[in-house]
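# Report on the structure
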Amino acid sequence: MIKVGIVGVGFMSWIHYLAYQKVRGMSVAGFCSRDVKKQKGDWRNIKGNFGPPGEQIDVSKLNVCGTLDELLADDSIDMIDICLPPALHEEATIAALKAGKHVLVEKPIALSPAAAKRMQKAADKSGKLLLTAHVLPFFAEFNFALEAARSGKFGKLLGGHFKRLINDPTWIPDFYNLEKVGGPLLDLHIHDAHFIRLMFGMPTNVTSSGRMRGDCVEYCTTQFGFADQSYVVTATSGVLHQAARSFTHGFEIHYENATLLMDFAVIDDAPVAAMPLTVLPKKGKSKQPKLKGGDPVDSFAAELKEVQKSIESGTPSDILGGELAVDALVLCQKQADSVAKGKTVRV
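This section reports on the structure supplied with the text. Source: prediction; values computed, not measured.

Turning our eyes to something else, we now look at the overall build of the protein chain. Scanning the protein chain from N- to C-terminus turns up 9 helices and 14 strands. Relative to the 2.2 N^0.38 estimate, which gives 20 Å for 347 residues, the radius of gyration of the protein chain is 20 Å and therefore close to what a compact globule would have. Principal axes of the C-alpha set define a box for the protein chain whose edges measure 60 × 45 × 40 Å. Out of the 347 residues belonging to the protein chain, those deemed buried represent 54%. Roughly 15700 Å² of accessible area belongs to the protein chain as shown, and the carbon and sulfur atoms make up 51% of that amount. Across the protein chain, the centroid of the 40 positively charged side chains sits 4 Å from that of the 38 negatively charged ones.

Have a look at this one:
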C-alpha cells in the first residue's frame, strides 16, 4: 500500500482525493491545510469546472496537519501529492524529496525551467521519483489517440490541430499573474503542449499569434515546427469572454490511414459532446470507438495507477516523468515569446 499525503486543499486536491478511492494499492493517509474548516473535513466550498462539488469528508483516520513540515515528519507516508499554486511547487517538492518521499506535483511542474531542473536535481539526489500530474493522456479520447500513434494502428502520424478554451476563470486567484499561476498558457495550454510533445517529439520552433492581457498571453494560436517537416501541428488555447461556454477542448489528429475527431464543451453548465471520438478511415464509413472511463475522475484514477506502477517498479514514467513536463513548460514559454516578439522563435 502506497500511503499518500496531500498538500493543499482545493479543487485539484478534491479530484485527486476522489480518484485515490478508485485505486487499489494507494490510500490517502493525511493532508495539510492552513484552513481550519478544511482541517475538520469541511471541503464543501470547493468547486471547479468539472466533477462533483466538495463534500464533508471523514478525517478521523487521517493525519491532519497545518503545515507541510508536520506532514513530512510522518514516516508512514510514502508519497506527497502537491496541489499548491504553481509558485509554491519548487519549495514544497524539494522539501518532500529531502524528507525521503516520492512526489507527484500538479502541472505545471514549475513556473520556470530553471526551477523545474532544480526539482529534478533534488529528485536525483534523493533517489526518489518526481512525477508531474499531466492527466490529459489518460482521458479516454486522448489515450486512444496516443495508443494509435504508438502502435501504428493507423499508420504514420501526420499532424493535427488541438484546442482548449475557457471563459474568464474569475474563481482562480492571480490567474494572469506570471509569478504565481502563469496565465492561460501555463495553466491551460500546457495540457496540449505536453500531449503534442508526447505524440510528435520536441518541436524545433514555434510561430504564435495572440492577444495579451497586460504582460500575459490571454489567447493564442501556434504553428509548431519539427525536424520532420511532414508534421503539420497547430493548437489554439486561452480565454474567450463567453460565459455560456465555460470550457471546450477537442482535436483533429491526422494519421496516414485515418483522422481522429473529438469536440467537447460545457455550455450553459451542461456537457455537450458535439463530436464524440470519431475515426474517419482512409476508405469506408466513420466509426465511433467504445471508450472506458466516461467520468473525469476515472481519468485521474488512471493517472494515479501510472504513478503507482512507476513507484512500485522504481522506474520513471514515460508519460509523467520530469523531462516531458519541463519540455511542455519550455514550449509554453517559447509561445509567449513568439506572441510578444511577433515572429518565429526557436525552441
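Packing of helix H5 (residues 113-126) against helix H9 (residues 322-341) brings their axes to within 10 Å, and their N-to-C directions diverge by 175 degrees. Taken as axis vectors, H5 and H9 run roughly antiparallel relative to one another. Contact with H5, carried on its side by Pro113, Ala116, Lys117 and Gln120, involves Gly322, Val326, Leu329, Val330 and Gln333 of H9 and no other residues of that element. Across the contact of H5 with H9, the residue classes tally to 5 nonpolar, 3 polar and 1 charged.

Turning to the pattern of salt bridges, a few remarks are in order. Within this structure, the stated rule accounts for 16 salt bridges. Notably, a salt bridge pairs Lys22 with Asp298, separated by 2.5 Å at the nearest N-O pair. Of this pair, Lys22 sits in the loop between helix H1 (11-20) and strand S2 (26-32) while Asp298 sits in helix H8 (residues 296-313), and the two are 276 residues apart along the sequence. Under the relative-accessibility criterion, Lys22 is labelled partly exposed at 39%. Take Asp298: its relative accessible area is 26%, and that puts it in the partly exposed class. Connected via shared salt-bridge partners are Lys22, Asp295 and Asp298.

The next point concerns the packing of aromatic side chains. Counted under the stated rule, the structure contains 15 aromatic pairs. Summarising the aromatic geometry, the rings of Phe139 and Phe300 are spaced 6.2 Å apart at their centres and angled 80 degrees between planes, so their arrangement reads as edge-to-face. Here Phe300 lies in helix H8 and Phe139 lies in the loop between strand S6 (130-133) and helix H6 (140-151), a separation of 161 residues in the sequence. Judged on exposure class, the residue Phe139 and its partner Phe300 are both buried. Judged by centre distance (6.3 Å) and plane angle (40 degrees), the rings of Phe144 and Phe154 are tilted. Pair noted here: Phe144 is in helix H6 and Phe154 is in the loop between H6 and strand S7 (157-166), with a separation of 10 residues, a long-range link. Taken together, Trp14, Tyr17, Phe31 and Trp43 form an aromatic cluster joined through their ring pairs. In this structure, Arg213 packs its charged tip against the face of Tyr176, placed 3.9 Å from the ring centre.

Another aspect to go through is the sheet that holds strand S5 (residues 102-106). The strand order S3-S2-S1-S4-S5-S6 describes an open sheet built from 6 strands, whose pairing is parallel. Single-partner strands in this sheet number two, and they are strand S3 (63-65) and S6. Direction aside, the axes of adjacent strands within the sheet are offset by 25 degrees on average. One ladder, built from 4 bridges, connects S5 with S6; its direction is parallel. Counterpart to Leu104 in the pairing with S6 is Leu131.

About the criteria used
- Residues numbered from 1 in each chain as written.
- Predicted model: local features only at pLDDT ≥ 70, side-chain atom pairs only at ≥ 80, totals over all residues.
- Heavy atoms only, no water.
- Helix = DSSP H or I, 4+ residues; strand = E, 2+ residues; numbered from the N terminus.
- Rg over C-alpha atoms; globule rule 2.2 N^0.38 Å.
- Buried < 20%, exposed > 50% of the residue type's maximum accessible area, 1.4 Å probe, protein only.
- Areas by Shrake-Rupley, 256 points an atom, 1.4 Å probe, with all protein chains shown as cover.
- Lys, Arg positive; Asp, Glu negative; His and termini not counted.
- Charge placed at Lys NZ, Arg CZ, Asp CG, Glu CD.
- Axes fitted to C-alpha atoms, helices over the stretch in contact; angles between N-to-C directions.
- Parallel < 35°, antiparallel > 145°, perpendicular 65-115°, else oblique.
- Contact = heavy atoms within 4.5 Å.
- Nonpolar A, V, L, I, M, F, W, Y, C, P; charged D, E, K, R; others polar.
- Salt bridge = Lys/Arg side-chain N within 4 Å of Asp/Glu carboxyl O.
- Phe/Tyr/Trp six-rings, centres within 6.5 Å; stacked < 30°, edge-to-face > 60°.
- Lys NZ or Arg CZ within 6 Å of the ring centre and 35° of its normal.
- Pairing = 2+ DSSP bridges.

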